[in-house]
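Listed below, chain by chain, are the residues.
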Amino acid sequence: MKRRSFLKKAGYGTLGSIAGIPVVFASNIPKGYELIAFQDPDPFKMFGLNSSMVVLNNKPYNIEAQAHLLDDKVTPNDKMFIRNNGLMPKEINADDWVLTIDGESVNEVKSYSLAELKSKFKAYTYQLTLECGGNGRSEFDPPAKGNQWTVGAVHCARWTGLRLKDLLADAGLKDDAVYIGYHATDIHLSGDANKEPISRGVPVHKAHQNETLLAYLMNDKPIPPVHGYPLRLIAGGWPASASGKWINRISVRNIEHDGTKMKGSSYRVPKYPVSPGQEVADSDMKIIESMPVKSLITFPKSGAVFNKSTILQIRGHAWAGELEVVKMEYSIDFGSTWNPCSLEKPVNRLAWQHFDAEITFPEMGYYEVWARATDAEGTAQPMLVPGWNPKGYLNNACHRIAVKVL
Ligand SMILES: Nc1nc2c(c(=O)[nH]1)N[C@H]1C(S)=C(S)[C@@H](COP(=O)(O)O)O[C@H]1N2
Ligand SMILES: [Mo]
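All figures in this text were calculated on a predicted structure; none of them were measured in a lab.

Rules used throughout
- Residues numbered from 1 in each chain as written.
- Chains lettered and ligands numbered in written order.
- Predicted model: local features only at pLDDT ≥ 70, side-chain atom pairs only at ≥ 80, totals over all residues.
- Heavy atoms only, no water.
- UniProt positions renumbered as here; feature names shortened; annotations may be inferred.
- Helix = DSSP H or I, 4+ residues; strand = E, 2+ residues; numbered from the N terminus.
- Domains from an automatic or database assignment.
- Contact = heavy atoms within 4.5 Å.
- Buried area = accessible area lost by both parts, 1.4 Å probe.
- Salt bridge = Lys/Arg side-chain N within 4 Å of Asp/Glu carboxyl O.
- Polar contact = N/O pair within 3.5 Å; in protein donor to acceptor, adjacent residues only side chain to side chain.
- Core = buried A, V, L, I, M, F, W, Y, C linked by side-chain atoms within 4.5 Å.
- Buried < 20%, exposed > 50% of the residue type's maximum accessible area, 1.4 Å probe, protein only.

Asker: Would you take a moment to explain the UniProt feature "domain: Moybdenum cofactor oxidoreductase dimerisation" (unreviewed entry) in the protein for this structure?
Answerer: The UniProt entry lists residues 286-405 under the feature "domain: Moybdenum cofactor oxidoreductase dimerisation" (unreviewed entry), expressed in the numbering used here. Summarising residues 286-405: 0% helix, 46% strand, and an end-to-end C-alpha distance of 46 Å.

This is how it looks when you write it as structure tokens:
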């Protein structure tokens, strides 16, 4: 947002100046025209972000972390990526927030106030990994349209709320229930109130997992507005698009939920490998469910320079959707040989796991440290960008950092 200082020079004709700076050519400003200075608040201030976060788009807001910012075991609020598909809800009033459960496959349409959700149902807390399905998109060739996420669209915060399964049990599901779809109060980019920016969800078996929450706290405090205050669905290990923010309605469906961004190439990938750039028929696409095995070196920052006598301690996190990560390795010779890292167990299911290793380098020079995780089914991260797909999802290639030993 380096444009800020420049923007301050613009102003309303009627005002004549902004913050004491005259608006040159103010008389030329058309009636009703909204100056950029008033349209473009500083997202770093607005969302309380660490100054090294990277803004990819500001309408809607899409902001990512960098690998070294994600060094904490529990991601703090100021380093959590932000992904909005539309505009944030205009007014959020938690006191009269109501969640409605409806749909073809609910026994009884029921509504709950936020206070009821908190008092009637037991609260659970889990640390849960949420990664945008498009994290890593920037590496696909030919490029895929969409936010060009590098590695920073992942976080693992602590979420507190009621279990979705307890709420569904209270409302009662019919035998034919297969999917739950969320609806939220954010605003379509067009401003059209009849359109939803996004309305996704999860199959009933995922909704019934212990860790699938309707959260009202994030990192032990009310969820910040941009992350879904006052109520958010959290489906850890699945593309984060399944975790609806600002939700006020859950529909229990007897079909795969058909809300906005459930069809076409949205959050869907080909059922079989396709060649880069290939057109894929709609019937050959499937919804992304559990995310693939992946890891991130969060220390040191890529570009670190140190003395040859230094024993380098690398560390980071690894995660694998619904699965546990069982092995973590690093390579300093471009993947010819791999050495073990020590790997912690997750604090709970669907939380990322921490790894570290001590590395000594044989001689002075340029190296790359590559990290590779393997999941409980024996699947390891690929070294190269995996299966091209139309929207550039699921790039779980090994993370690499450059280091210089002097
Ligand atoms: N209502 C609503 N929920 C949403 C979205 C959205 O635009 N609107 N974006 C989804 C997507 S694509 C992602 S990756 C995550 C991002 O969550 P975060 O902004 O808290 O990091 O929220 C998901 N839930
Ligand atoms: Mo996403």
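Asker: Please explain the domain arrangement of the protein as it appears in this structure.
Answerer: Accessible area lost during the coming together of the parts is what is often quoted as the interface size. What the domain assignment lists for the protein is domain 1 (1-40), domain 2 (82-287) and domain 3 (294-405). Placing the centre of domain 2 and that of domain 3 at their C-alpha centroids yields a distance of 29 Å. Contact with domain 2, which involves 39 residues of that partner, is made by 24 residues of domain 3. Contact with domain 3 buries surface across domain 2, with Q127, E139 and F140 losing the most and accounting together for 21% of the total. Connecting domain 2 to domain 3 are 4 salt bridges. E211 is paired through a salt bridge with R349; the nearest N and O atoms lie 3.3 Å apart. Put simply, domain 2 and domain 3 have 17 residue pairs in polar contact (both at pLDDT 80 or more) between them. Elements represented by at least two residues in the side of domain 2 that touches domain 3 include exactly β8 (124-131), β9 (154-163) and β16 (268-270). Top contributing element to the side of domain 2 that touches domain 3 by residue count: β8, with 5 residues.

Asker: So what exactly am I meant to see when it comes to the nonpolar core here?
Answerer: Where a protein is soluble and globular, its nonpolar side chains tend to be buried together. In this structure, L167 and L214 are the most contacted members of the largest nonpolar core, which totals 38 residues. Listed by contribution, the elements that provide at least two residues to this core are β6 (98-102), α4 (114-120), α5 (164-171), β10 (179-184), α6 (204-207), β12 (213-218) and β15 (247-253). It is α5 that provides the largest number of residues to this core, a total of 4 residues. Discounting residues that sit within four places of it in the chain, L167 has contacts with L99, I101, Y112, L117, F121, L162 and L214. Residues V293, I297, M328 and F355 belong to the second largest nonpolar core, which totals 24 residues.

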